[in-house]
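# Structure at a glance
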Amino acid sequence: RPLCGEGDKEAKEESKDDVAEPKNPTATRVDATTSVVPVEIITMFVDADNGIKLQDSFALEKPMELLVGINVPRLYFVSREMEDDDGAKSTGVIMPSLASTVMRDFVGLEDVDNTTKQALLDFSYNLTIGNMDEAYRAVKLIKNVGVWENMANMCVKTKRLDVAEVCLGNMGHARGAAAVREAKKEPEVEAAIAAVAIQLGLLDDAVRLYKECGRYDLLNKLYQGQGEWEKSIEIANNEDRIHLKTTHHRYAQYLESIGDTAGAIRNFERADTYKTEVPRMLFDQQRIDDLEDYIFQGNDTELLKWWAGYCESMGHFEKARRYYSRAGDDLSLVRVACHNREMTAAADIVNDTQSKSAAYHLARQLEAMGEVQEAISFFSQSGCYNHSIRLSKAYGLDSELMSFALKSRPSSMIDCAMYFEQKGEYEKAVQLYQKGGDQTKALSLCFRVGKEGKHGDAMFDVLQGLAEDLGGEDSGVAMSNADLDRCADFFIQNGQHSKAVELLYKKGQKFDYAIDLCNDHKVTITDEMAEGLTPPKSDDPVEQERRNETLKRLAKTLKKQSNFSLACKKYTQAGDRLKAMKCLLKSGDTKNIIFYAKQSRNKEIFILSANYLQSLDWHNDPDIMKNIITFYTKAKAFEQLASFYDACSQVEIDEYRDYEKALGALKEASKNIAKATTGDATTIAANLQTRIYVLEKFVNARRSMKTDPTTAESICLGLLNQPGTEVEESIRVGDCYALLIEYYHGTGNFQDAFDLMEQMRSRGIVLHPYLETPIMEDIYEGLGKPVPSNFDNVSGGGGGGGGGGSVAGSDDEIEDEIGEELDESINESLGSDDSFNRK
């Protein structure tokens with residue numbers, strides 16, 4: 001049984017299957033003049049098996065206010081409209097009345113007979129409970145087309161595509177049925193239902209359905225089919241941009257069909273189809289002048305070329321030239337010029353534009369006219385070197401053939417190589433064979449011509465270049481070991497040893513063989529060759545060991561060639577720093593020797609470096625002296641360091657007569673020899689102590705000469721009369737004599753002074769280095785003796801350091817600098833001791 005009642009949306013949303021009890025109407029309405037709370041009219045079916053099933057619902061709208069009852073196919077309501085006495089609507093007295101609406105499934109079938117009405121009611125019921133078979137059986141006997149049409153309309157609203165197919169079939173609507181079958185391919189059910197709606201003429205429903213499913217492309221087509229082009233373009237702009245140009249094109253076609261040419265042109269341009277459609281349209285309309293104006297103003301390259309071609313076909317060459325020029329079509333300009341036999345103008349165009357296609361066309365025309373040289377030039381300019389080669393060979397133009405061949409494809413290079421080989425131009429042939437990819441032929445030709453000796457060293461250079469190019473990154477061809485050995489042997493047999501060496505290490509990685517060649521044939525190794533002969537590093541220990549051996553062999557060869565700096569570098573790379581230092585010492589590069597020693601931090605290297613520095617003028621260079629001391633100290637070579645301090649002491653005595661500084665140096669030597677562990681250290685230490693004792697006595701004598709001359713005199717006489725060689729080994733005896741003679745001269749004791757001078761002569765000591773001439777003259781005059789012209793009348797060198805030596809009072813600046821350096825080195829070891837500071 002059908003049932004009808006009122007309800008609100010909230011209750012319906014809470015449960016669509018269960019029907020809530022009707023609310024009090026007064027609770028949903030305030031009065032007749034106020035707004036009604038949203039109320040829905042609900043139609044249901046009730047039976048014992050399925051219970052209550054919702055069939056339809058719709059909002060209660062004014063002027064209807066209250067549901068009264070149901071009598072299929074109508075629902076009855078109380079309607080309150082304001083009417084005046086004449087029946088017109090007004091703001092007068094509210095007159096209640098009874099109104100009705102047709103149920104959804106009976107729209108358009110209000111007046112059918114009872115049998116049809118019952119069938120429709122059964123159909124609606126079975127449709128509600130989802131029994132489609134029973135629903136179809138309920139209405140299959142209905143023959144009224146109107147009934148089926150109304151049912152189809154309802155299927156659009158209910159989105160029942162399966163029922164719609166049945167309705168369309170019973171309506172005999174073949175086109176609609178076909179449209180539905182096609183629409184079922186769409187993934188959205190709304191799109192398929194919209195197709196049914198279109199067939200039924202329900203265009204508004206179709207628009208709504210397309211918008212619901214987001215199929216704006218189909219909506220665009222619908223608007224186009226309806227002729228609503230503004231809506232179609234709006235949809236395409238906003239929602240369906242992928243079909244925007246298509247929409248404009250179709251709109252342009254529509255405008256063309258109704259004679260709106262200007263509008264059609266605008267839309268063809270927006271559709272980007274104007275290049276073909278606009279000329280077609282204007283030609284069809286015989287508006288040639290308008291077409292030319294359109295092309296001229298539009299300045300589109302393709303249209304300009306097309307119009308120029310049209311003018312050319314009509315024989316209007318000047319106009320064609322203008323449009324070709326405006327379009328930048330150089331080839332067509334040259335073609336027109338050649339057609340009119342204006343070759344000079346065509347050549348100018350090619351040279352100005354550098355167009356390859358235009359140059360090729362002109363070259364073909366010149367060849368046909370017999371202008372071979374010019375044709376070759378323009379073929380080359382166009383990049384078609386095969387044609388340049390063809391003409392050069394045909395007319396014997398060999399001077400330009402090589403340049404064309406090098407730029408051509410490999411097959412053309414091989415052909416040209418064979419041509420040059422036949423003519424005896426082997427260098428060109430080899431180069432072209434190589435470039436063309438026939439490496440075997442190139443090598444064979446080099447060997448054959450080289451053995452014949454027709455081209456001197458030229459072929460050796462060609463072969464070397466060929467071998468170097470083979471296997472290179474740019475060649476793309478690997479050189480086999482057999483070819484490499486063949487090339488190397490060929491160079492060796494012909495005395496080209498340097499070329500063989502370069503080939504072996506550059507391409508064959510045969511470093512040892514190349515080094516042996518350098519040794520055997522005295523090939524000078526340059527810096528670049530040395531780097532090339534250096535094997536690459538490897539993480540494999542075995543390979544790394546081989547690399548080190550190769551580097552040592554290379555360094556040994558460099559050493560033989562007196563390239564000590566490079567040998568040092570290679571020994572260093574091989575890990576043999578000691579040999580590297582020995583090579584560096586032979587180079588005499590003091591700056592690098594000091595730097596290398598500091599970087600190596602090796603005991604033996606420190607000692608070698610310090611020994612080398614001692615061979616230099618260290619007493620006049622404080623930096624060298626400092627490095628000697630530093631290197632011996634870091635190497636813990638105490639015996640060598642003691643020897644160096646001993647040498648410093650002797651320099652202080654011999655060069656500067658600075659016995660205080662010499663004493664400090666000897667003490668430092670004694671301190672270091674005490675740290676030595678060699679067998680001779682004890683003997684050396686004892687000797688140093690003896691010399692220190694003698695030096696201390698002499699230093700004390702010099703210091704006390706002014707304050708206690710008697711004691712100083714006694715000390716000096718004691719030293720001079722001391723037997724043995726200890727005094728002569730420790731001091732210069734001449735200095736001791738000079739100290740006494742100066743003292744006796746100062747006290748007027750000329751006789752004792754003269755006696756000491758005689759003793760000096762008897763001991764073979766030269767007087768002049770120790771005594772000033774005025775003092776000696778005073779002594780002679782004081783004794784009444786004639787002053788000799790040469791006081792040194794006794795020949796021979798000074799014993800025990802007494803003879804020879806530099807004059808006192810030499811360069812003060814050097815003395816101060818060396819003294820300060822020695823002070824610094826002594827103070828670093830012994831601390832600040834006033835006895836070692838220069839007064």
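Keep in mind that what you see is a predicted model, and the values were worked out from it rather than measured.

From N to C terminus, the protein includes 46 helices and six strands. Taking all 839 residues of the protein together, the buried fraction comes to 42%.

Reading across from one edge, 1-2-3 is the order of the three strands in this open sheet, with antiparallel pairing throughout. The open sheet has two edge strands, strand 1 (2-7) and strand 3 (51-59), and neither has a second partner. In this sheet, neighbouring strand axes are inclined to one another by 25° on average, regardless of whether the strands run parallel or antiparallel. Sheet topology places strand 1 next to strand 2 (residues 40-47); six bridges connect them, and they run antiparallel. In the strand pairing of strand 2, P2 is matched with F45.

All right, on to the packing of helix 9 (residues 203-213) against helix 10 (residues 216-226) then. Close contact between helix 9 and helix 10 brings their axes to 8 Å; oriented N to C, the two are set at 155°. Taken together, the axis directions place helix 9 and helix 10 in an arrangement best described as roughly antiparallel. You can see that helix 9 and helix 10 cross each other, and the crossing is left-handed. Where helix 9 abuts helix 10, its residues L203, A206, V207, Y210 and K211 lie against Y216, L218, L219, L222, Y223 and Q226.

Counting through the fold element by element, E713 comes out in helix 41 (residues 709-721). Excluding its chain neighbours within four sequence positions, the residues that come into contact with E713 are L740, Y743 and Y744.

The next point concerns helix 20 (residues 356-368). For helix 20, with 13 residues, the first-to-last C-alpha span of 18 Å sits near the 18 Å given by 1.5 Å per residue. Buried residues belonging to helix 20 abut helix 18 (330-339), helix 19 (343-353) and helix 21 (372-382). Directly beyond the C-terminal end of helix 20, a positive phi value near 90° is found at G370.

Another point: the environment of M625. By secondary structure assignment, the location of M625 is in helix 37 (residues 622-635). M625 sits in the buried class, given a relative accessible area of 1%. M625 sits 15 residues away from A610 along the chain, and the two C-alpha atoms are 9.1 Å apart.

So, on to a positive patch on the surface. Taken together, the side chains of K522, K556, K559, K560, K579, K582 and K586 present a region of like positive charge at the surface. Tracing the backbone through its elements, the reader meets K556 in helix 32 (residues 541-560).

The next thing to look at is the pattern of salt bridges. Going through the model one piece at a time under the given rule, you end up with 24 salt bridges. We note a salt bridge from E228 to K231, for which the minimum N-O separation is 3.2 Å. A residue is classified by how much of its surface remains accessible, and E228, at 26% relative accessible area, is partly exposed. Between R763 and E728 there is a salt bridge, with the nearest N and O atoms lying 3.1 Å from each other. Note that R763 is positioned in the loop between helix 44 (750-762) and helix 45 (773-782) and E728 in helix 42 (residues 726-730), a separation of 35 residues in sequence.

By secondary structure assignment, the location of G169 is in helix 6 (residues 161-171). Put simply, G169 and W148 are 21 residues apart on the chain and 9.0 Å apart in space, counted from C-alpha to C-alpha.

Moving on, we come to the packing of helix 34 (residues 577-587) against helix 36 (residues 603-614). Packing of helix 34 against helix 36 brings their axes to within 10 Å, and their N-to-C directions diverge by 10°. Here helix 34 lies roughly parallel to helix 36, going by the angle between them. Seen from helix 34, the contacting residues are R577, L578, M581, K582 and L585; seen from helix 36, they are E604, I605, L608, S609 and Y612. Of the residues in the contact of helix 34 with helix 36, the class split is six nonpolar, one polar and three charged.

The linkage connecting V72 with the following residue, P73, adopts the cis geometry, with an omega of 15°. Along the chain, P73 turns up in the loop between strand 4 (64-71) and strand 5 (74-83). The residue N299 is not glycine, and still its phi comes out positive at about 60°. The topology assignment puts N299 in the loop between helix 15 (288-298) and helix 16 (301-313). Since its relative accessible area comes to 41%, N299 is described here as partly exposed.

All right, on to the packing of aromatic side chains then. All chains considered together, the criterion is met by 17 aromatic pairs. Aromatic pair Y659 and F698: ring centres 4.7 Å apart, planes at 75°, arrangement edge-to-face. With a gap of 39 residues between them, Y659 in helix 39 (residues 659-673) and F698 in helix 40 (residues 681-704) connect regions that are remote in the sequence. A ring pair is formed by Y743 and Y744, whose centres lie 5.6 Å apart and whose planes are at 45°; its orientation type is tilted. Neither residue differs from the other here; Y743 and Y744 are each classed as buried. Three or more aromatic residues joined by ring pairs make a cluster, and in this case those are F283, W306, W307 and Y310. The ring of F296 has R326 lying over it, and the distance from NZ or CZ to the ring centre is 4.1 Å.

Counting through the fold element by element, A701 comes out in helix 40. Take A701: its relative accessible area is 0%, and that puts it in the buried class. With 15 residues separating them in the primary sequence, A701 and C716 have C-alpha atoms 6.8 Å apart. Sequence-distant contacts of A701, that is, excluding residues within four places in its chain, are made with A712, I715, C716 and L739.

Reading guide: rules and limits
- All residue numbers here refer to positions counted from 1 along the written sequence of the relevant chain.
- Where local features are concerned, this predicted model is filtered to residues with pLDDT of at least 70; where side-chain atom pairs are given and counted, the filter is 80 or more; whole-chain, interface and lining totals use all residues.
- Just so you know, side-chain values use all the structure's heavy atoms and leave hydrogens and water out.
- Numbering of helices and strands starts at the N terminus; helices are DSSP runs of H or I of at least 4 residues and strands are runs of E of at least 2.
- Accessible area is worked out with a 1.4 Å probe on protein chains only. A residue is then buried under 20% of its type maximum, exposed over 50%, and partly exposed in between.
- In this scheme, strands are said to pair when DSSP sees at least two bridges between them.
- Orientation is described by axes fitted as lines to C-alpha atoms, over the contacting stretch for helices, and by angles from 0 to 180 degrees between their N-to-C directions.
- The cut-offs work like this: below 35 degrees is roughly parallel, past 145 is roughly antiparallel, 65 to 115 is roughly perpendicular, and the gaps in between are oblique.
- Left-handed describes a crossing whose near helix is turned anticlockwise from the far helix by less than a right angle; the clockwise case is right-handed.
- What makes two residues a contact is simply this: any of their non-hydrogen atoms within 4.5 Å.
- Between the first and last residue of a helix there are one fewer steps than residues, each counted as 1.5 Å, and that sum is the expected span.
- Residues enter a patch when their relative accessible area is above 30% and they make no salt bridge; the linking distance is 9 Å between like charges and 5 Å between nonpolar side chains (Val, Leu, Ile, Met, Phe, Trp, Tyr).
- Working definition of accessibility: Shrake-Rupley area with a 1.4 Å probe, residue cover restricted to the visible protein chains.
- Think of a salt bridge as a Lys or Arg side-chain nitrogen and an Asp or Glu carboxyl oxygen that are within 4 Å of each other.
- This count recognises Lys and Arg as positive and Asp and Glu as negative, with His and chain-terminal groups excluded.
- To locate a charge, take atom NZ for lysine, CZ for arginine, CG for aspartate or CD for glutamate.
- Classification convention: Asp, Glu, Lys, Arg as charged; Ala, Val, Leu, Ile, Met, Phe, Trp, Tyr, Cys, Pro as nonpolar; all other residues, Gly among them, as polar.
- Under the pairing criterion, centres of Phe, Tyr and Trp rings, with the six-membered ring standing for Trp, must be within 6.5 Å; the plane angle then separates stacked pairs below 30 degrees from edge-to-face pairs above 60, leaving the rest tilted.
- The criterion is that NZ of a Lys, or CZ of an Arg, lies within 6 Å of the ring centre and within 35 degrees of the ring normal, and then a charge sits over that ring.

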